[in-house]
Amino acid sequence: QVQLVESGGGLVQAGGSLRLSCAASGSIFNINIMGWYRQAPGKQRELVATITRGGSTNYDDSVKGRFTISRDNAKNTVFLQMNSLKPEDTAVYYCRITGRGMAYDYWGRGTQVTVSS
């Protein structure tokens, strides 16, 4: 059974930083894309950033220049460094992993990020 465990969320003042981590465990091999999504109250879940196994990244325009996604393939772990946080970044952040050709698709349970003004 595959588990994704997120950590690093919390409460921070505007302008502050947080680093999220998500570790995948269980029978999982050759993770293709690892990503972070977020869902604010009353809104749909949205893409924040993704990274391929080869290191190519993609960011939502709202976080470009402030957030950095990275991964450790040996440890099946993905990170999200969030700087210059804004109140509108407040949401539950979820990690997601997919296999090549969408052979599998797993989500974490989420971690709360709250940015106070």
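Report on the accompanying structure. Nothing here was measured: the structure is a model prediction, and the numbers come from that model. (Residues numbered from 1 in each chain as written. Predicted model: local features only at pLDDT ≥ 70, side-chain atom pairs only at ≥ 80, totals over all residues. Heavy atoms only, no water.)

The helix and strand inventory of the protein stands at 0 helices and 11 strands. Ordered by position from the N terminus, the helices and strands of the protein form the series β-β-β-β-β-β-β-β-β-β-β. Computed over the C-alpha atoms, the radius of gyration of the protein is 14 Å, within 12% of the 13 Å expected from 2.2 N^0.38 for a compact globule of 117 residues. Projecting the C-alpha coordinates of the protein onto the three principal axes gives extents of approximately 40 × 25 × 25 Å. (Helix = DSSP H or I, 4+ residues; strand = E, 2+ residues; numbered from the N terminus. Rg over C-alpha atoms; globule rule 2.2 N^0.38 Å.)

The next thing to look at is the sheet that holds strand 1 (residues 3–7). One open sheet holds the 4 strands; their spatial order is 1-3-8-7, and the pairing between them is antiparallel. Among the strands making up the open sheet, the edge pair consists of strand 1 and strand 7 (67–72). If you compare each strand with its neighbour and ignore which way they point, the axes differ by 15 degrees on average. Relative to strand 8 (residues 77–82), strand 7 runs antiparallel, the two sharing 6 bridges. (Pairing = 2+ DSSP bridges. Axes fitted to C-alpha atoms, helices over the stretch in contact; angles between N-to-C directions.)

Let us look at the pairing of strand 9 (residues 91–99). Across the 9 residues of strand 9, 8 count as buried, placing the element largely inside the fold. Note: strand 9 against strand 10 (residues 105–107), 3 bridges, orientation antiparallel. If you follow R96 over to strand 10, its bridge partner there is W107. Counted along the chain from strand 9 to the antiparallel partner strand 10, the turn is 5 residues long, and its residue G101 has a positive phi close to 65 degrees. (Buried < 20%, exposed > 50% of the residue type's maximum accessible area, 1.4 Å probe, protein only.)

Attention shifts here to the state of the cysteines. Tallied over the entire structure, the rule returns 1 disulfide. In this model, C22 is linked to C95 through a disulfide, with the two sulfur atoms separated by 1.9 Å. Taken together, the residues span a long stretch of sequence, with C22 in strand 3 (residues 18–25) and C95 in strand 9 at a distance of 73 residues. (Disulfide = S-S within 2.5 Å.)

Enumeration over the complete set of coordinates arrives at 5 salt bridges. Two residues, R38 and D89, come together in a salt bridge whose shortest N-O distance is 3.0 Å. Here R38, found in strand 4 (residues 31–39), pairs with D89, found in the loop between strand 8 and strand 9; they are 51 residues apart in sequence, far enough to count as distant. Residue classification places D89 among the buried positions, given a relative accessible area of 1%. Across the pair K64 and D61 runs a salt bridge whose closest N-O atoms are separated by 3.0 Å. In this structure, a network of salt bridges that share partners links the residues R38, E46, R66 and D89. (Salt bridge = Lys/Arg side-chain N within 4 Å of Asp/Glu carboxyl O.)

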